[in-house]
Amino acid sequence: MKLAQRVSQVAPSITLAIAAKAKAMKAEGIDVCSFSAGEPDFDSPAHVKAAAQKALDEGKTKYGPASGEPKLREAIARKLKTDNGLDYKAENVIVTNGGKHSLFNLILALIEPGDEVIIPAPYWLSYPEMVTLAGGVSVIVPTDVSTGYKITPEQLRKSITPKTKLFILNSPSNPTGMVYTPEEIQAIAQIIVETDILVVSDEIYEKILYDGVKQVSIGSLGPEIFERTIISNGFAKAYSMTGWRIGYLAGPIDLIKATITIQSHSVSNVCTFAQYGAIAALEGSQDCVEEMLQAFAKRREVMYERLNAIPGLSCPKPDGAFYLFPDISKTGLKSLDFSNRLLEKEQVAVIPGIAFAGDDNIRLSYATDMATIEKGMDRFEKFVKSLI
Ligand code: GLU
């Protein structure tokens, strides 16, 4: 069968593939320590599940609006105002099948063949693939540890051409966990406004911040940047609702309307009763978010200390998300080889940095329990020591 050419231009998601492999190995009885997908190990909050269950019992099992349940759109608009200082109405919001789907909708609605999208590397692996599927051109801007894996204002300015349509900002970042400071966000916003391009702010990790670090939502910095900003977010990471698949986009009405049209011909609507769980997540107590954050903070300390205690490895301390991105170049192995051998020899699953355009690094997720972290790090240390 001759498949469409676009399929040959993208690769399957390595994060999902490795996570699935680790889960399958566990199901076979193999004692795998998985630091692969960024998937919190906690159950979804009880009140969120109860709200979805109630909606199910009440018959909220029919088609809903392609844009999302009105009550959820309103709750999201309120959240964006309260948490992020963004003045959106419900009609500026679309509910999607997860954060990934938000970005996919956005890129499909915005990017035309030849349009350039600026993506700082290391990046979350699905960004460039989405751009490719839309026929756009990813302009990858490499960053390194010297700038904390952040794009500098000079780099951003230099990367902008007459074809630039969109800049993808992800703070806190997957895979590095770094967070842009308010001053850095301000400098980026100024360039976006001056050059009149758009920015999508992927804020899926906004609640996962450590040591009092604050995240500034770029669109909150003034009316000119606000009208050039699109927010992408979701419920998976903050509320441990990965499998629910609920995310959202907020932005200018014309753009949101375009994504609703696309959604009306693709997924129709996001699972109706699941959306009632999301309403409860936003409107109920936020203690669950704080409890998970406290657990992530402890795990971060342990994994960070353990990694940096291994001779030859180094890793900056991330301010957010739940990933560490150590440099493994002193082992003499590139990231894919390193990750495959680690899984084979020690049954520890990590994501090779090449997936994020960082082939001298690997990504470890600490969104898993402490016992797995301790055991997995013992094995990891043994493996690295056998190489150096
Ligand atoms: N976003 C998570 C990760 O990077 C989940 C997997 C995925 O969608 O890529 O691990």
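As annotated in an unreviewed UniProt entry, the chain carries the name Aminotransferase and comes from Brasilonema sennae CENA114. The Cofactor (unreviewed entry) field of the UniProt record for the chain holds the comment "pyridoxal 5'-phosphate". The Sequence similarities (unreviewed entry) comment attached to the chain in UniProt states, word for word, "Belongs to the class-I pyridoxal-phosphate-dependent aminotransferase family."

In this structure, what is going on with a nonpolar patch on the surface? I would like to understand it.
On the surface, Met1, Leu3 and Val7 cluster together to form a nonpolar patch covering roughly 390 Å² of accessible area. Counting through the fold element by element, Leu3 comes out in the segment before α1 (5–8).

Quick question: what am I supposed to make of the sheet that holds strand β9 (residues 323–324) here?
By definition, the strands of a sheet pair up through backbone hydrogen bonds, in either a parallel or an antiparallel sense. Spatially, 3 strands are ordered β9-β12-β11 in an open sheet, and the strand pairing comes out antiparallel. Where the open sheet ends on each side, the last strands, each with one partner, are β9 and β11 (351–352).

Even after reading the chapter, I still don't get helix α4 (residues 70–84), so can you show me in this structure?
At 3.6 residues per turn, the α-helix brings residues three or four places apart onto the same side. Helix length check: α4 (15 residues) gives 20 Å between terminal C-alpha atoms against 21 Å at 1.5 Å per residue, within 8%. Of the residues making up α4, those classed as buried are Leu72, Arg73, Ala75, Ile76, Ala77, Lys79, Leu80 and Asn84. One or two steps after α4, the chain reaches Gly85, where phi turns positive at roughly 65°.

Looking at this structure, how should I read the packing of aromatic side chains?
Any two aromatic rings considered together are summarised by their centre-to-centre distance and by the angle between their planes. Counted under the stated rule, the structure contains 13 aromatic pairs. Measuring from centroid to centroid gives 5.0 Å for Phe296 and Phe322, while their planes differ by 55°, and the two rings are tilted. With Phe296 in helix α12 (residues 287–308) and Phe322 in the loop between α12 and β9, the pair connects residues that are 26 residues apart, well separated along the chain. Consider the rings of Phe338 and Phe380, whose centres lie 5.9 Å apart with planes at 55°: the pair is tilted. Of this pair, Phe338 sits in helix α13 (residues 335–346) while Phe380 sits in helix α14 (residues 370–387); the two residues are 42 residues apart in sequence, bridging distant segments of the chain. Looking at Phe380, the relative accessible area reads 0%, which means it is buried. Through a chain of ring-to-ring contacts, the aromatic side chains of Phe42, Tyr205, Phe296, Phe322 and Tyr323 assemble into a single cluster. The ring of Tyr276 has Lys60 lying over it, and the distance from NZ or CZ to the ring centre is 4.9 Å. For Lys150, the ring lying beneath its charged end belongs to Tyr180, and the centroid distance is 5.8 Å.

What counts, and where the lines are drawn
Residues numbered from 1 in each chain as written. Predicted model: local features only at pLDDT ≥ 70, side-chain atom pairs only at ≥ 80, totals over all residues. Heavy atoms only, no water. UniProt positions renumbered as here; feature names shortened; annotations may be inferred. Patch = residues over 30% accessible without salt bridge, like charges linked within 9 Å, V, L, I, M, F, W, Y side chains within 5 Å. Areas by Shrake-Rupley, 256 points an atom, 1.4 Å probe, with all protein chains shown as cover. Salt bridge = Lys/Arg side-chain N within 4 Å of Asp/Glu carboxyl O. Helix = DSSP H or I, 4+ residues; strand = E, 2+ residues; numbered from the N terminus. Pairing = 2+ DSSP bridges. Expected span 1.5 Å × (residues − 1). Buried < 20%, exposed > 50% of the residue type's maximum accessible area, 1.4 Å probe, protein only. Phe/Tyr/Trp six-rings, centres within 6.5 Å; stacked < 30°, edge-to-face > 60°. Lys NZ or Arg CZ within 6 Å of the ring centre and 35° of its normal.

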